[in-house]
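A structural walkthrough
Listed here are the chains, written in short residue letters.
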Amino acid sequence: MGKIVAATGNEAVAEALRQINPDVCAAYPITPQTDMMQRFASFVSDGKVDTEIMLVESEHSAMSACIGASAGGGRVATATSGPGLALMWEMLYVASGMRLPIVMPVVNRSLSAPLNIHGDHSDAMGARDSGWIQLWSENAQEAYDNTIQAFRIGEHMDIRLPVMVCLDGFIISHSIERMEYLDDNVVKAFVREYKSLNPLLDVENPKSIGPLILPDLYHEYKRAQHEVMTKVKDVVLDVAEDFKKISGRSYGLFETYRLDDAEIAVVILNSAAGTAKDIVDEFREKGIKAGLLKPRLFRPFPYEEVAHALKNLKAVCIMDRADSFGGYGPLFMEVSSALYPLNDRPIMINKIYGLGGRDFMPQHAEIVLDELVEIVKTGKFKTIKEYIGVRE
Amino acid sequence: MKIPGWKELTPGAVILQAGNATEFKTGSWRSLKPKWKEENCIQCLFCWIYCPDMSIKVKDGKRGEFDYDFCKGCGICALECPGKKGKKAIVMEEEDK
Ligand code: SF4
Ligand code: SF4
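Residues numbered from 1 in each chain as written. Chains lettered and ligands numbered in written order. Predicted model: local features only at pLDDT ≥ 70, side-chain atom pairs only at ≥ 80, totals over all residues. Heavy atoms only, no water.

The next thing to look at is the nonpolar core. Residues and elements named next belong to chain A. If you look at the biggest cluster of nonpolar residues, it comprises 102 residues, and the most contacted ones within it are Met-63 and Ile-148. Shared between two domains, this core takes at least three residues from each, and those domains are domain 1 (3-247) and domain 2 (254-387). The residues contacting Ile-148, other than those within four sequence positions of it, are Ala-16, Gln-19, Ile-20, Leu-182, Val-187, Phe-190, Val-191 and Phe-243. Grouped together as the second largest cluster of nonpolar side chains are 23 residues, Ile-268, Ala-272, Val-280 and Ala-365 included. (Core = buried A, V, L, I, M, F, W, Y, C linked by side-chain atoms within 4.5 Å. Buried < 20%, exposed > 50% of the residue type's maximum accessible area, 1.4 Å probe, protein only. Domains from an automatic or database assignment. Contact = heavy atoms within 4.5 Å.)

As structure tokens, then:
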């Protein structure tokens, strides 16, 4: 029954990929993803997987090769980080537009300039509109579990979409934590035999892929692509239910922490949610009804469910580890869109934190929760968008 | 040809009917028209190989007339044609001439 280990996030995701044993993996090294794919390359050279690994000259080529392999009819995985994801941009849209269920762990890293190799969410947030499903992970365990579930979600015959599994660069990718691995045969049975849809290598049934589609049909294809996204939530929940049976671990569209009777809360993604939960506990001990919501499925965004979970709050702070210069943070924009249709909604503020790997400290969560307490007391807030942990 | 609605599309725009490009006539794109001068033709079939469409009709190993339903007028055939004694067997002419 599985095994308990000490592993880094990169190691854990590489282990998931070994257990899944994809047909093809085309990748290019980039910090902080490098050590994940290096480990996977060792599995290939040690004969632990049957994967055809393709070492290419750039991330644009990595995603292009993945697209070719997936269209050919194989189960395909790759991984990247920050600027690597940025270089894939054109091909991300090709992968989703062609409905290819490629799975890609994204070890979140900031974007240049200035050059920085550390963790923030600018990379994946920029790819928000690329048509990929996005799952976000707080720690190595979630990154491992999400990677395994990602194959079932993306490859579902009603979905056939690529999936990004996001985990924080260095904070998760390079930190060792306690992990539970599933048995190889359990993972194998869970992800099932890969079934292709209209594969190019089915030469008995010749076909063309990637055609030119002009204004008379393009609009319809995009409408159809949106429709597929509307079916993702249910599949994510079904897959999570199956996953619970093999792992005992529960997943939803998002995680709520002490939120049911809360009056104030923070909405926060990935590793910083762990820190924030501790401070929520401290506030609860002081008798303050604080809570937390941590999104897991960011694309498609579960607007109604998030609105339902947050509707009884008096004030909420949405925390972004990515910025939209001249705009609100990307998570804030989603949550405020979710809450807007309600007649009574909490006061919403937005904090930008942790850019370029700046540590998110317990006192940052304290400052935010204290401000929310003040907002509830006075019914007033200072500014919607502010930076925390920044030197004046 | 009826244009399908968004619910009727193949996922990922895959074209499952092999060879259906024959239904899409590209000849109307042409502004220059290739003309075949049979007297200068040495039947090398370069034009047939180089034509990016299927506009050179070949029968029994010999080229015949252009298929103007598909010829886009790109002029590649005229450029590549060696002709006979320095005289091209394909020349490009203005479409309305
Ligand atoms: S002009 Fe271009 S398309 Fe027309 S026959 Fe010549 S090569 Fe083919
Ligand atoms: S390339 Fe010129 S010479 Fe050769 S077959 Fe065609 S028309 Fe004739």
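Residues and elements named next belong to chain A. Between helix α7 (residues 140-155) and helix α10 (residues 232-247), the least distance of the axes is 10 Å, while the angle of their chain directions is 125 degrees. Classed by the angle they form, the pair α7 and α10 counts as oblique. When the axes of α7 and α10 are compared, the crossing they make is right-handed. Where α7 approaches α10, its residues Asp-145, Ile-148, Gln-149, Arg-152 and Ile-153 are matched on the opposing element by Val-232, Val-235, Val-236, Val-239, Ala-240, Asp-242 and Phe-243. Residue composition of the contact of α7 with α10, grouped by class: eight nonpolar, one polar and three charged. (Axes fitted to C-alpha atoms, helices over the stretch in contact; angles between N-to-C directions. Helix = DSSP H or I, 4+ residues; strand = E, 2+ residues; numbered from the N terminus. Parallel < 35°, antiparallel > 145°, perpendicular 65-115°, else oblique. Left-handed = near helix turned anticlockwise from the far one by under 90°. Nonpolar A, V, L, I, M, F, W, Y, C, P; charged D, E, K, R; others polar.)

Residues and elements named next belong to chain A. Using the criterion set out here, one finds twelve aromatic pairs over all chains in the structure. Taken together, a centroid distance of 5.1 Å and an interplanar angle of 45 degrees make the contact between Tyr-144 and Tyr-181 tilted. A residue pair is termed long-range when its members are at least 10 positions apart, and Tyr-144 in helix α7 and Tyr-181 in strand β8 (residues 176-181) qualify at 37 residues. Take Tyr-144 and Tyr-181: they sit in the same class, and that class is buried. Considering the side-chain rings of Phe-301 and Tyr-303, the 5.0 Å spacing of their centres and the 55 degrees angle between planes classify their relative orientation as tilted. (Phe/Tyr/Trp six-rings, centres within 6.5 Å; stacked < 30°, edge-to-face > 60°.)

Confidence in the prediction for chain B averages 93 pLDDT; 98% of positions are at 70 or higher. With a pTM of 0.92, the predicted complex shows an ipTM of 0.87. (pLDDT = per-residue confidence, 0-100.)

Residues and elements named next belong to chain A. With mixed pairing, six strands are arranged side by side in an open sheet as β9-β11-β10-β13-β14-β15. Each of the sheet's edge strands pairs with one partner strand only, and the pair in question is β9 (254-257) and β15 (385-387). Averaged over all neighbouring strand pairs, the angle between strand axes comes to 20 degrees, with direction disregarded. Packing against the sheet, helix α12 (residues 303-310) makes contact with β9, β10 (264-267) and β11 (290-295), and its axis sits at approximately 0 degrees to β9. The strands that helix α14 (residues 362-378) touches are β10, β11, β13 (315-320), β14 (347-352) and β15; relative to β10, the one it contacts most, it runs at about 135 degrees. (Pairing = 2+ DSSP bridges.)

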